[in-house]
Amino acid sequence: MRGGNIMLDQKRIRNNPDEIRESLVKRNESTENLDRFLELDEKRRGLLTELEKLKNLRNTESEEIARLKKEGKDAAAKIEEMREVSDSVKSMESDLAEIEGELNTVLMSIPNVPHPSVPVGKSDDDNVEVRRWSQPTQFDFQPKAHWDIGEDLGILDFATASKVTGSRFVFLKGQACKLELALINFMLDLHTGKHGYVAVFPPFMVHRHSMEGTGQLPKFEEDAFKVTDTDYFLIPTAEVPVTNMYREQILDKSDLPIYHAAYSACFRSEAGSAGRDTRGLIRQHQFNKVELVKLVEPETSYDELEKMTNDAEDVLQTLGIPYRVVSISTADLGFTAAKKYDLEVWMPSYGRYVEISSCSNCEDFQARRADIKYRPGRGEKARYVHTLNGSGVAVGRTMAAILENYQQADGSVVIPEALRSYMGGLDRITKDNAMGRR
RNA sequence: GGAGAGAUGGCUGAGCGGUCGAAGGCGCGCGACUGGAAAUCGCGUGUACCCUCACAAAAGGGUACCGAGGGUUCAAAUCCCUCUCUCUCCGCCA
């Protein structure tokens, strides 16, 4: 197993280009960036060596000038000579900056190396089901889609949201509003109380560097909402602010592992998803999510991934929603992930399982970009941590799953047992109580 | 939004053109002293990148880094400009 040692740093790429090439091929990605990297890297080092020699000359001669002046001697010739050297230094520095700029862009665009246990695939058809919990829900009547259930009860209002904002937004009214908040609180309580996570309510906007730190930029800028006239982006997931809480830090070994459960709204432009999931709560520009984030020692990160996945599963089990766990193939693996499990819930309207959570081990990929290290022991060299993130879980999709899986023949929806205490004891949403007022 | 003050190594705190990777203190590590410890004394204590070596490690050499980015200068922690952040006061506001 080489899992814990994969480093996507420049030396690694330089010394093992074939490993990276293989990784890109597995991901069905072009190796263009890799080739460009190798080319630029060589250029850079050549130029750097020359430049540093010149700087060395300038430094030693400057000392000499200082000495001459102190002794009251004439240094004009040397000063003139160094003027020229400084000019060359300047022009070489600007060449170097240009190369490094491009090198950085290229480097930032190379995805993480998949873990050996990740199934190799050509498309999302090659994802491998790992396990199932419960069975697809059976109905003795014709089940409705959640958007129909919600609209019939008057608690989901897509039309008004289109009027007020645009498509892929929704107003949650009455019991839907309460249910959304109940789900958030339930999930936070479960993860903090039972699984040992520390709750976080993060900023919903971050600056560019944070987006780069967790890998959303520079490659996927079109997927994010940017606030005009600022450098702020609306977060696509709480993973971004929460992981970046620790950017540019050297943590103490005793701080690890760090577990956070963060509530946030999430904003996604869904560029490239035109025409997909146009109805209902499944694909919105804004949705709520409770996100799990871990910072751990490299040796433990794969165990931590299993545990995190189980923690997310616990949400669905406690709510009684049928689901399966899928190991994502190299074709479908996220940019930052070395390994990823998806949780998919049974969605009657789709007649199939639909993603409700992704749990990823990013190894040191994000830690390297965000510069998050820890010191393994006194006097020891700082190492990059491993970061993990997983939905625990997407709230809007959970609402959809509850509406569909808990729907009754009369159009009402039973509230899962575990949520009732969060809903003032309500056990069922009916047409009569849908607006939730007395 | 207005006025002011500040940002230096793990922390604290000097430095205000060359001798500064950066005094002093604290902390930490190693050693001496001790039966052991405390105190005391001595030595040491950043990171990144490049080069040399067949890779790596070690070692040696070099470059850079005093909030960030530019500029002036033979030479910048030190001078100039821009930006960011923090603190104080005033105003406004949920």
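Please refer to the structure placed before this passage.
Residues numbered from 1 in each chain as written. Chains lettered and ligands numbered in written order. Predicted model: local features only at pLDDT ≥ 70, side-chain atom pairs only at ≥ 80, totals over all residues. Heavy atoms only, no water.

A. Just the protein's contact with RNA strand B, in detail. By nearness alone, 24 residues border RNA strand B, and Arg14, Asn56, Arg83, Ser86 and Arg378 come closest of all. Within the contact set of RNA strand B, a phosphate oxygen lies 3.4 Å away from a side-chain nitrogen or oxygen of arginine 45. Within the contact set of RNA strand B, a base nitrogen lies 3.2 Å away from a side-chain nitrogen or oxygen of glutamate 52. Of all the elements in the fold, those that place two or more residues in the surface near RNA strand B are α1 (10-15), α3 (32-70) and α4 (76-108). Per-element tally for the surface near RNA strand B: the top contributor is α3, with 13 residues. (Near = heavy atom within 4 Å. Polar contact = N/O pair within 3.5 Å; in protein donor to acceptor, adjacent residues only side chain to side chain. Helix = DSSP H or I, 4+ residues; strand = E, 2+ residues; numbered from the N terminus.)

B. The pattern of salt bridges, seen in detail. Going through the model one piece at a time under the given rule, you end up with 34 salt bridges. In this structure, glutamate 93 and lysine 55 form a salt bridge, with 3.0 Å as the shortest nitrogen-oxygen distance. Taken together, the positions of glutamate 93 in helix α4 and lysine 55 in helix α3 put the pair 38 residues apart, joining distant regions of the chain. A salt bridge links aspartate 410 to arginine 428; the nearest nitrogen and oxygen atoms lie 4.0 Å apart. In this pair, aspartate 410 is assigned in the loop between α12 (395-405) and β16 (413-414) and arginine 428 in strand β17 (residues 428-429), connecting sequence segments 18 residues apart. Classification of arginine 428 as partly exposed rests on a relative accessible area of 30%. Through salt bridges with shared partners, a single ionic network connects Glu64, Arg67, Glu71 and Lys73. (Salt bridge = Lys/Arg side-chain N within 4 Å of Asp/Glu carboxyl O. Buried < 20%, exposed > 50% of the residue type's maximum accessible area, 1.4 Å probe, protein only.)

C. How the structure looks around the packing of aromatic side chains. Within this structure, the stated rule accounts for 10 aromatic pairs. Between the aromatic rings of tryptophan 346 and tyrosine 353, the centroid separation amounts to 5.2 Å while the plane-to-plane angle is 70°, which identifies the pairing as edge-to-face. The buried category is assigned to tryptophan 346, whose relative accessible area is 14%. Within the aromatic cluster, the residues linked to one another by ring pairs are Phe201, Phe204 and Tyr263. Lying across the ring of tyrosine 384, lysine 373 places its NZ or CZ 5.0 Å from the centre. (Phe/Tyr/Trp six-rings, centres within 6.5 Å; stacked < 30°, edge-to-face > 60°. Lys NZ or Arg CZ within 6 Å of the ring centre and 35° of its normal.)

D. Focus on the sheet that holds strand β14 (residues 383-384). On the basis of which strands lie adjacent, the open sheet formed by 3 strands has the order β7-β13-β14 and mixed pairing. In the strand order of this sheet, the two ends are held by β7 (249-252) and β14, each with one partner. Relative to β14, strand β13 (residues 372-375) runs antiparallel, the two sharing 2 bridges. The residue of β14 that forms the bridge with tyrosine 374 is arginine 383. (Pairing = 2+ DSSP bridges.)

E. Quick peek at unusual backbone geometry. The omega torsion of the bond from leucine 217 to proline 218 falls at 5°, within 30 degrees of zero and hence cis. Here proline 218 lies in the loop between α8 (208-213) and β6 (232-234). A cis geometry characterises the amide bond from leucine 256 onward to proline 257, with omega recorded as -5°. By secondary structure assignment, the location of proline 257 is in the loop between β7 and β8 (258-267). Here aspartate 277, not a glycine, exhibits a phi torsion of approximately 45°, which is positive. Of note, aspartate 277 is situated in the loop between β8 and β9 (286-296). In this structure, aspartate 371 takes a positive phi of about 60° despite not being glycine. Structurally, the position occupied by aspartate 371 is in the loop between α11 (365-370) and β13.

F. Examining α12 more closely. Where burial is concerned, most of α12 is hidden: 11 out of the 11 residues are buried. Of the residues making up α12, those classed as buried are Val395, Gly396, Arg397, Thr398, Met399, Ala400, Ala401, Ile402, Leu403, Glu404 and Asn405.

G. Representation of the state of the cysteines. In total, this model carries 0 disulfides according to the counting rule given. This cysteine, cysteine 266, is not joined by any disulfide, and cysteine 359 carries the nearest cysteine sulfur, 14 Å off. The buried category is assigned to cysteine 266, whose relative accessible area is 0%. Note on cysteine 362: no disulfide assigned, nearest cysteine sulfur contributed by cysteine 359 at a separation of 11 Å. Overall, the relative accessible area of 0% leaves cysteine 362 in the buried class. (Disulfide = S-S within 2.5 Å.)

H. Quick look at the side chain of asparagine 405. Assignment of secondary structure puts asparagine 405 in helix α12. A polar atom in the side chain of asparagine 405 sits 2.5 Å from the side chain of threonine 137. Engagement of the side chain of asparagine 405 in a polar contact is seen with the backbone oxygen of tryptophan 346, the distance being 2.9 Å. For asparagine 405, the contacting residues outside a window of four places in its chain are Thr137, Phe139, Ile321, Pro322, Trp346 and Pro348. (Contact = heavy atoms within 4.5 Å.)

I. Representation of the packing of α3 against α4 in the model. Close contact between α3 and α4 brings their axes to 8 Å; oriented N to C, the two are set at 155°. As the angle between them shows, α3 and α4 are arranged roughly antiparallel. As for the relative orientation of α3 and α4, their crossing is left-handed in sense. When the residues that make up the contact of α3 with α4 are grouped by side-chain class, the tally is 19 nonpolar, 3 polar and 15 charged. (Axes fitted to C-alpha atoms, helices over the stretch in contact; angles between N-to-C directions. Parallel < 35°, antiparallel > 145°, perpendicular 65-115°, else oblique. Left-handed = near helix turned anticlockwise from the far one by under 90°. Nonpolar A, V, L, I, M, F, W, Y, C, P; charged D, E, K, R; others polar.)

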